[in-house]
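A closer look at the structure
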Amino acid sequence: MHPAKSVIFFTTASGAGYGLLIWLAVANALGLLPASWGFALAAFAASLGLITAGLLSSTMHLGHPERAWRAMSQWRSSWLSREGLAALATYGPAGLFAFFWIVFGARDGLLALLGLLAAAGALATVYCTAMIYASLKTIRAWHTPWTFICYAAFSLMTGGLLLCFLARLWDLADANVFASASLLLIGAAFLSKAFYWKHLDGGHSQSTAETATGLGDFGKVSMLEPPHTEKNYLLKEMGFQIARKHAQKLRSITWVTLFAVPLVATGLSLAVAGTPATLLAFVGVLSAALGIIVERWLFFAEAQHVVTLYYGASSA
Amino acid sequence: MTSLPETTNKQLGLVIDLDICVGCHACAVNCKEWNTGGHSAPLTDYDPYGADPSGVWFNRIHSFEVEEEETGLGRTVHFPKSCLHCNDAPCVTVCPTGASYKREEDGIVLVNADICIGCKLCSWACPYGAREYDEDEGVMKKCTLCVDKIYNENLPGESRVPACVSTCPVGARHFGDLGDPLSDVSKLVEARGGFALMPEQGCDPVNRYLPPRQRAGPSSSQTVAPRLLEHKDESADGAGLLARWVDKVLSV
Amino acid sequence: MLNPFKTVREDVDLTPAVADEVKTTTCYMCACRCGIRVYLKDGTVRYIEGNPDHPVNKGVLCAKGSAGIMNHYSPARLTKPLKRVGERGSGEFEEIEWDEAIATAVGWLSEVRAKDPKKLAFFTGRDQSQSLTGWWAAQFGTPNFAAHGGFCSVNMAAGGLYTLGGAFWEFGEPDWDLTKYFMLFGVAEDHDSNPIKIGLGKMRTRGGTKFVSVNPCRTGYSAIADEWIGIRPGTDGLFIFALIHELLRAEKIDFGYLGRYTNAPWLVIDDPGAADHGLFARDDTGKPLVFDLTTQAPASAVTDVKPALTGEYTLVDGRTARPAFEHLARRFLSKEYSPDRAASVTGIEAQTIRRLAAELADVAFAQEVVLETPWTDFLGRRHEKLVGRPISMHAMRGISAHSNGFHTCRALHILQVLLGSVDVPGGWRYKAPFPKPIPPGPKPAGHKLAPDTPLGGMPIGNPTGPEDLVLTDEGEPVRIDKAYSWEHPVAAHGLMHMVIHNAWAGDPYPVDVLMMYMANMGWNSSMNVPGTIKYLTDKDDAGNYKIPKLIYSDTYYSEMVSYADLVLPDTTYLERWDCISLLDRPISSAHGPADAIRQPVVEPDRDVRAFQEVLIHLGAQLGLPGLTNDDGSAKFKNYADYMVNHQRQDGIGPLAGWRGNGSTHGRGASNPDQLSRYIENGCFWQGEFPQDAQYMKPVNKSYLACAKELGFIPSDEPIILQLYSEPMQKFRLAAEGHGPRQPPEKHRARVKAYFDPLPIWYTPFEEAVVDNETYPLHAITQRPMHMYHSWGGQNVWLRQITAQNRLFMNRKTAADLGIGDDDWVWIESHRGRVKAQVRLMDGTHPSTVWTWNAIGKRKGGWNLDPDAPEAQRGFLLNHLISELLPEREGGYRYSNSDPVTGQAAWYDLRVRVERCAPEEAGVTSPLFEAAKVPESVSAHREGTAISRFGARLRGAATGAKPARLRDWIGNRKEYAKTVAGLPDGHGNLSKRQKSGAGEEDPSQ
Ligand SMILES: Nc1nc2c(c(=O)[nH]1)N[C@H]1C(S)=C(S)[C@@H](COP(=O)(O)OP(=O)(O)OC[C@H]3O[C@@H](n4cnc5c(=O)[nH]c(N)nc54)[C@H](O)[C@@H]3O)O[C@H]1N2
Ligand SMILES: Nc1nc2c(c(=O)[nH]1)N[C@H]1C(S)=C(S)[C@@H](COP(=O)(O)OP(=O)(O)OC[C@H]3O[C@@H](n4cnc5c(=O)[nH]c(N)nc54)[C@H](O)[C@@H]3O)O[C@H]1N2
Ligand code: SF4
Ligand code: SF4
Ligand code: SF4
Ligand code: SF4
Ligand code: SF4
Ligand SMILES: [Mo]
């Protein structure tokens, strides 16, 4: 599948934003966070900022952004529609949660619950986003629970790394708790991606050139001529293919930038304190940011659509 | 609950005969010709006279070779493909706006260009590559089953049929209600063992394809004349035959 | 207030207005001449569909025809007459007014006509008005006229005309409804584009039939054949001989048919060394003789006797003679033509050949179709029924575009005749005006040439012996293309492919004016394109072009245009009158004669004129007889006027329908109302032969009578099929030293070798002379069904299907050469090399590589972007095909053509294929530099980055209530017989079964 910048940015940015939102709500409920309005402002700015930027960019690749509001009508069947609703719905509790905390420093009791409600919304939104892809039978790579697991894991992991960084900046007491939790999430994310790739490499769609043409009974099917000698929309969007070698290279880059570096940096940050710790947390964030973009680019680039079976692919 | 109709009164669709399709592209071009001024007008073309010509088409003709491993016997099959007007159309259920819909009246799957936001998700969901995005208009387009032609009183009777069907020179294309087991097309599909593409994708397509027939060639049992000719005379120059033939005309 | 949760439903307009007006005319996106309905909206062409009533296409429309709109609105259209101001090929032109254009042409032409008319060479390519253009040339007085036939498929035409008095092309057709076994040789598409497809569809749907395709490539028609015979190019002759061998050995031939309706029993003089050796023994009235077994004496043929088919007989003058059939039988019974011998050369297993022969025999003699239609033969013998041998055949350039093609084509027709399957039920049938006498008159004119004097005949014809050759007193060619000379004696269509070379070489002489029409000779219709470009642009020492003046008429900015000195811009086919005449290439069927017209359905929006219009105008100004009245005034106002009022013979004009007062057809006075009658009838006229005249036409009394009446044949003499070709023997005798006219020494051996009265096979010339180690592969082209030569490629829609052509190669062959799919390779022949990208496949003969024809375009040609894929990655094999053969002994280089007919031997090409260096991949070679595009033309392309054609054609709602739906079944008639409960009819018109109440019209 063609990796569109806007969609890569949308899924990674809003993912991190929602992740951070969940962390804030949960950590707050567990009383791990300070009242500091400055910290709250920074944290919510980061979270809601990333979410909003992501959502906006997602409308960029629409043919008719001005009609985006119509996208909510089909929540009964469409995950894209549901995502829109979930995203919108999440703004309510998230907004109030942020507002009271920042303005009045109020964040307990009912407000904490409100926070958890926002967190639920965030998780739901991430789930819908993942399901947009996971629900597509046409793309075997995505049509697996691992898609959501990865999206959730990466959302929480990147959100977590952001929180670690902020916690270091504000030198919060429980910064190490967050760091340790992040370590676990990096591990979790690492495992989910490992399993995702195992699934991806481990088989093919049951659809083949033979089932696509229904000519299996007559023998092995191979393309003689495509319907058009130049590329059309279908091939530009669905026909995108990435060389095995190239993919392997990018996977290793992901291993390093998305997992190894943040893991080490966060680990070391436990050992040291003060500015070095902050710097290490920052390194973790930067590296993960780069890594998640590569990972997401690959998520699309490595996904093969069954329509390629009509254009010369023997399996999908 | 889904945005697909529970049932449709008709299941209009195409039946395409892979046995006699010669891959002439007439159906694809006549489709383009009718529809570029029709319900989804225009079928935009990009860089039409330039270095990278491409455009919106509702019907495209692939060609494949099929080789039997053991016998080494093979065949070339021309393969036209357009929207299959699926009963369980994922292009409809994934659509966030309802722009992609299936008509209750006749089962035709259409795009409402006035509300389509151009998110392209439907084209990802369609296993058959039947959705064509119009960059210029920012909306999705697709085979309309010539909805503005098949019912059109302003056309002569024999023209009230999908453009791709009436134009096919070999008569490889058929059209009708595949939901009605007694309809002409259903009888034809029944008789010829018509099949659906990629059933495993679970879209329950309406269109049917008729398989290549058993060929009356050596590859099959029913060669017209299995026996070889019996020579009446084996002499090198056939002198014997020449002698026999002098008065051959008499004996016929 | 908008509710974001509301599901908005579209209300679809099922009955929009479609057109303000629908006009009928005849398609011209190729030469097939289908009838079309053109839907017009606000003066724009909205939609073109096949005319359901039309005899040719019966409502269907091919890809080209469906794309007509985009040719009609092509930005490559010329807009105004052009005068060359830069060098030839530069594309630098000045726009001029028509008055100046005509004046210039008249100036050049009148000068030539006054001095030496043959110095005008007038050649027309894809011309459907040859009866006008040829006649015009005759009136002008130049023998140098021909259309595309010579480089097209004259072998097929001549092979047929000299054997059957008819031919394949679109001049005959299989009896699609009754045939049980159809053999197709070397056809990718052919002129009968839609009819063949319609026929194949019916035939395969009917079932119980077999379709065999003989072709090195398994694409298109071959893809739907029951059996594909992947033959090695150039070897069909041997394959056919082997079939004949088998049939003879098994006595599976129609002796009765041979004895009655062919020259099989005609006695051939057996007197080696004599001047009439090998000619038919004739009585003093010149009638050929047979040996009557009843009276045991020679009797005049074509009478009711029992003729001997073999044996040796003594003539009255004491000499011996044998029936022609004995000669034929002796040759093909020889082991030399056994399947085993053929197998090694053709690559077809002997077993397969034997089986196919058995299948033919079985269908012909064990599966006859009998029609209870009584008919009477030319001797008045009444036959109670028609017995058909339901085997039909068709062939085209695959067998004809080889230097051994003429004999191969004859061999195929002879196979048909031996099986008794010509013009019988289920066989192959003639279309009117065929059959004609064998060969048809007239003979080529041009023996006497004089200034300002008509030719005294037609420039093109069919010679029957040396006396008919068109030669100077020195025995040298009179014609610029050397047709009807000893190099190509039976060049029945001329040799258009040699004209530019010969005019440049001044061999036999230079010309003053070269006038061409509708032929892209600067590109895809020439052999050796690089050479041709040189010939067109080469100058003498004085700095003058070796081809001094070049007039060309084209509708579009084709590659050829940039080489013209004077360009006459033509209209598109939707903007002009035209006539598809029985004098030319009509639309007849086996059931009866038919012709058609084109009417202008839209007005030109440019300053262009139909070429025929211009020709008539020029003729009048040149004072050509036939085009001027005695007072010197113009005889015809315009082409339409000519179509109605011109008469070729008494009462016979370009159009056969509605003559006289409108009630007579075929022969009759001119009818001022004729064109409106055609238009009322959908722009065609169709006649029907009486039932008893539908089959066995060459010998059918009732047919011969009505053919004579219609002016198709001069007399109602029977047309006896010529297995043994006497004209060939006459040429051979001359080569053997007999008669007043003999070939010069340098050609003597060649004429003797290739003029055999019975078919022969020989290795195609190029294969015979080049080193086959160096050039191990055959290279051929195929017509893409959706493109017409070069003119389809400018079409926005068609070029989206094919904008680049690949070199198709057998997988195994490629593997041996270390070539992989999509690799770029050099294709090299003895004349040069071309770079192309490879596509591997299984269904092509291992010895053969092929590509789609005429996809490659010259950079900047056709007003396309110079970076267009057609120019950058598309290629032509033409660059590799030499118009001349490598030197023969004596250093003479013959044309790369068939030695009998001069047919261009396109498919003799031999090549080597090699992977090119990695850095060479990605772009074709050679790349000729782009010619400038005249402003008026390039202007069309501004603002075409996106084409939204149709946006404004969407019809407004009419509120009409939706019509009732009806299922459409293709080939309904055939399915009605095989699928239970499926009503008969056509398409969505079905005869209701219960109330068998005739046709049910869906428009109610
Ligand atoms: N390698 C290879 N070469 C081949 C062949 C092959 O099989 N292989 N086939 C050969 C054969 S059989 C043929 S017939 C030739 C065909 O080749 P050509 O005779 O050149 O045919 P086209 O290129 O289709 O068209 C000739 C010109 O007619 C112009 N034209 C189109 N419509 C009109 C019109 O209405 N009026 C006028 N005045 N001009 C018009 C087009 O613009 C084009 O420039 O190619 C030959 N060349
Ligand atoms: N769509 C379309 N239709 C056309 C045209 C067009 O350009 N496009 N051109 C028109 C013209 S001008 C003409 S002349 C006709 C020509 O009509 P065709 O004769 O059908 O045209 P070709 O493409 O030359 O087909 C030659 C076929 O013979 C095969 N072949 C080559 N060599 C041999 C051989 O040695 N033996 C055998 N058995 N087969 C061989 C090739 O694979 C190819 O399939 O088509 C006419 N119709
Ligand atoms: S028009 Fe008919 S034969 Fe031609 S490609 Fe379409 S289905 Fe096949
Ligand atoms: S073929 Fe594709 S576009 Fe057509 S209905 Fe089925 S899923 Fe939708
Ligand atoms: S592109 Fe249009 S039709 Fe397709 S899913 Fe998006 S909104 Fe629906
Ligand atoms: S039904 Fe109509 S829209 Fe669909 S492919 Fe055929 S012609 Fe095109
Ligand atoms: S075959 Fe096609 S292009 Fe040729 S005349 Fe018929 S419709 Fe037109
Ligand atoms: Mo041709």
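See the structure shown above.
A brief report on the enclosed structure follows. (Residues numbered from 1 in each chain as written. Chains lettered and ligands numbered in written order. Predicted model: local features only at pLDDT ≥ 70, side-chain atom pairs only at ≥ 80, totals over all residues. Heavy atoms only, no water.)

1. Details of the overall build of chain A
Along its length, chain A carries 10 helices and 1 strand. Counting from the amino terminus, chain A carries its helices and strands in the arrangement α-α-α-α-α-α-α-β-α-α-α. Over its C-alpha atoms chain A spans a radius of gyration of 21 Å, differing by no more than 12% from the 20 Å that the globule rule assigns to 316 residues. Over its C-alpha atoms, taken along the principal directions, chain A stretches across nearly 70 × 45 × 30 Å. Sorting the 316 residues of chain A into buried and exposed places 55% on the buried side. (Helix = DSSP H or I, 4+ residues; strand = E, 2+ residues; numbered from the N terminus. Rg over C-alpha atoms; globule rule 2.2 N^0.38 Å. Buried < 20%, exposed > 50% of the residue type's maximum accessible area, 1.4 Å probe, protein only.)

2. Section: the site of ligand 6
Neighbouring residues of ligand 6: B:Cys31, B:Asn35, B:Phe58, B:Asn59, B:Ser82, B:Cys143, B:Thr144, B:Leu145, B:Cys146, B:Pro162, B:Ala163 and B:Cys164. Its residues placed into classes, the shell around ligand 6 shows 8 nonpolar, 4 polar and no charged. (Near = heavy atom within 4 Å. Nonpolar A, V, L, I, M, F, W, Y, C, P; charged D, E, K, R; others polar.)

3. Some details on the sheet that holds strand S23 (residues 513-517) of chain C
Within a sheet, adjacent strands bond to each other through the backbone by hydrogen bonds, running parallel or antiparallel. Residue and element names in this part refer to chain C. Read across the open sheet, the 7 strands follow the order S5-S4-S25-S24-S23-S6-S7; overall the sheet is mixed. In the strand order of this sheet, the two ends are held by strand S5 (93-95) and strand S7 (145-146), each with one partner. Relative to S23, strand S6 (residues 120-124) runs parallel, the two sharing 5 bridges. In the strand pairing of S23, Ala121 is matched with Leu514. Across the sheet, helix H3 (residues 98-115) touches strand S4 (82-84), S6, S23, strand S24 (549-554) and strand S25 (566-569), and the angle it forms with S25 is around 125°. The strands touched by helix H18 (residues 611-622) within the sheet are S6, S23, S24 and S25, with S23 carrying the most contacts at an inclination of about 145°. (Pairing = 2+ DSSP bridges. Contact = heavy atoms within 4.5 Å. Axes fitted to C-alpha atoms, helices over the stretch in contact; angles between N-to-C directions.)

4. Describing the site of ligand 7
Residues and elements named next belong to chain C. Looking at ligand 7, the residues that line it are Cys27, Met29, Cys30, Cys32, Arg33, Cys34, Leu61, Cys62, Lys64, Gly65, Ser193 and Asn194. Elements with a contribution of two residues or more to the shell around ligand 7: helix H1 (63-66) and helix H7 (193-206). Residues belonging to the shell around ligand 7 are distributed by class as follows: 7 nonpolar, 3 polar and 2 charged.

5. Points about helix H1 (residues 5-29) of chain A
Side chains that are three or four residues apart share a direction in an α-helix, a result of its 3.6 residues per turn. Relative to the 36 Å expected for 25 residues at 1.5 Å per residue, H1(A) spans 36 Å between its end C-alpha atoms, a close match to the ideal helical length. The element H1(A) is largely enclosed, with a buried count of 21 among its 25 residues. (Expected span 1.5 Å × (residues − 1).)

6. Concerning the packing of H1(A) against helix H3 (residues 79-104) of chain A
All names here are of chain A. The contact between H1 and H3 brings their axes to 12 Å, and the two run at 45°. On the basis of their axis angle, the class for H1 and H3 is oblique. As H1 runs across H3, the sense of the crossing is left-handed. Residues Phe10, Tyr18, Leu21, Ala25 and Asn28 of H1 touch H3, and the partners they reach there are Glu83, Ala87, Thr90, Ala94, Phe97 and Trp101. (Parallel < 35°, antiparallel > 145°, perpendicular 65-115°, else oblique. Left-handed = near helix turned anticlockwise from the far one by under 90°.)

7. Considering the interface of chain B and chain C
Counting residues at the interface gives 115 residues for chain B, matched by 131 residues for chain C. In terms of surface lost to chain C, no three residues of chain B exceed B:Tyr49, B:Leu229 and B:Trp245, which account for 9% of the buried area on that side. Here chain B is connected to chain C by 11 salt bridges. Looking at the side of chain B that touches chain C residue by residue, the class counts come to 51 nonpolar, 31 polar and 33 charged. Judged from the 2 bridges that link them, strand S2 (residues 45-46) of chain B and strand S35 (residues 946-947) of chain C form a sheet pairing that is antiparallel. Bridging across to S35(C), B:Asp45 finds its partner in C:Ser947. (Buried area = accessible area lost by both parts, 1.4 Å probe. Salt bridge = Lys/Arg side-chain N within 4 Å of Asp/Glu carboxyl O.)

8. Observations regarding the interface of chain A and chain B
Where interface size is given, it is often the accessible area lost as the parts come together that is meant. Each partner contributes to the interface: chain A provides 57 residues, whereas chain B provides 59 residues. Surface buried jointly by chain A and chain B totals about 4,800 Å² across both partners, of which 59% is contributed by carbon and sulfur atoms. On the surface where chain A and chain B come into contact, there are 1 salt bridge. For A:Lys236, the salt bridge is made with B:Asp52, and the minimal N-O distance between the two is 3.5 Å.

9. Here we look at the packing of aromatic side chains
For any two aromatic rings, the description comes down to two numbers: the centre-to-centre distance and the angle of the planes. In the structure shown here, the tally under the stated rule is 81 aromatic pairs over all chains. Judged by centre distance (5.4 Å) and plane angle (90°), the rings of A:Phe44 and A:Phe97 are edge-to-face. Of this pair, A:Phe44 sits in helix H2 (residues 37-60) while A:Phe97 sits in helix H3, and the two are 53 residues apart along the sequence. Look at A:Trp146 and A:Phe195: their rings are 4.7 Å apart centre to centre, the planes differ by 10°, and that puts the pair in the stacked class. Placement of A:Trp146 in helix H5 (residues 145-169) and of A:Phe195 in helix H6 (residues 175-201) is noted, with a sequence separation of 49 residues between them. A relative accessible area of 27% places A:Trp146 in the partly exposed class. Within the aromatic cluster, the residues linked to one another by ring pairs are A:Tyr133, A:Trp142, A:Tyr151, A:Tyr196, A:Phe299, A:Phe300 and B:Trp124. A cation over a ring is seen here: A:Arg82 above A:Trp79, with NZ or CZ 4.4 Å from the ring centre. (Phe/Tyr/Trp six-rings, centres within 6.5 Å; stacked < 30°, edge-to-face > 60°. Lys NZ or Arg CZ within 6 Å of the ring centre and 35° of its normal.)

10. Overview of the sheet that holds strand S1 (residues 220-225) of chain A
Strand order in the open sheet formed by 3 strands is S1(A)-S4(B)-S5(B), with antiparallel pairing between adjacent strands. The open sheet has two edge strands with one neighbour each: S1 of chain A together with strand S5 (74-82) of chain B. Sheet twist, expressed as the average angle between the axes of neighbouring strands with direction ignored, equals 35°. Here S1(A) runs beside strand S4 (residues 59-67) of chain B; their pairing, made up of 5 bridges, is antiparallel. Residue pairing for S4(B): A:Glu225 is matched across the bridge by B:Ser63.

11. Topic: the pairing of strand S1 (residues 12-17) of chain B
Residues and elements named next belong to chain B. Of all 6 residues that make up S1, 6 are buried, and the element is covered over most of its length. Residues of S1 alternate between two faces, with Leu12, Leu14 and Ile16 on one and Gly13, Val15 and Asp17 on the opposite face, all of them buried. As defined by bridge partners, S1 adjoins strand S10 (residues 173-177) across 5 bridges and the pair is classed as antiparallel. The partner of Ile16 across the bridge, within S10, is Arg173. Here 3 bridges tie S1 to strand S11 (residues 208-210), and the two strands are oriented parallel to one another. When the bridges of S11 are listed, Val15 appears paired with Arg208.

12. Examining a nonpolar patch on the surface
Residue and element names in this part refer to chain A. The grouping of Val26, Leu30, Leu110, Leu113 and Leu116 at the surface amounts to a nonpolar patch, some 490 Å² of accessible area in total. At 3 residues, helix H4 (residues 110-134) tops the list of elements feeding residues into the nonpolar patch. Mapped onto the fold, Leu30 is located in the loop between H1 and H2. (Patch = residues over 30% accessible without salt bridge, like charges linked within 9 Å, V, L, I, M, F, W, Y side chains within 5 Å. Areas by Shrake-Rupley, 256 points an atom, 1.4 Å probe, with all protein chains shown as cover.)

13. Thoughts on the pattern of salt bridges
Per the counting criterion, the structure on display carries 100 salt bridges over all chains. Taking the shortest distance from any N to any O, the salt bridge between C:Arg389 and C:Asp254 comes out at 2.7 Å. Pair noted here: C:Arg389 is in the loop between strand S20 (386-388) and strand S21 (391-395) and C:Asp254 is in the loop between helix H9 (236-249) and helix H10 (255-261), with a separation of 135 residues, a long-range link. The pair formed by C:Arg389 and C:Asp254 is uniform in burial state, with each residue classed as buried. Salt-bridge contacts for C:Glu312 lead to C:Arg322; the nearest nitrogen and oxygen are separated by 2.4 Å. Here C:Glu312 is found in the loop between strand S14 (297-300) and strand S15 (313-314), whereas its partner C:Arg322 is found in strand S16 (residues 320-323), with 10 residues between them in sequence. Among the residues examined, C:Glu312 registers a relative accessible area of 47% and is labelled partly exposed. Here the salt bridges share partners, and the residues they tie into one network are B:Asp19, B:Arg213, B:Arg215, C:Arg204 and C:Asp226.

14. Notes on the nonpolar core
The tendency in soluble globular proteins is for nonpolar side chains to be buried side by side. In this structure, A:Trp142, C:Trp136 and C:Phe325 are the most contacted members of the largest nonpolar core, which totals 480 residues. In contact with C:Phe325, other than residues within four places in its own chain, are B:Trp245, C:Leu248, C:Ile253, C:Phe255, C:Leu258, C:Ala264, C:Leu309, C:Thr310 and C:Leu418. Counting residues in each nonpolar core, the second largest holds 11 residues, with B:Val206, B:Leu210, C:Tyr975 and C:Leu982 among its members. (Core = buried A, V, L, I, M, F, W, Y, C linked by side-chain atoms within 4.5 Å.)

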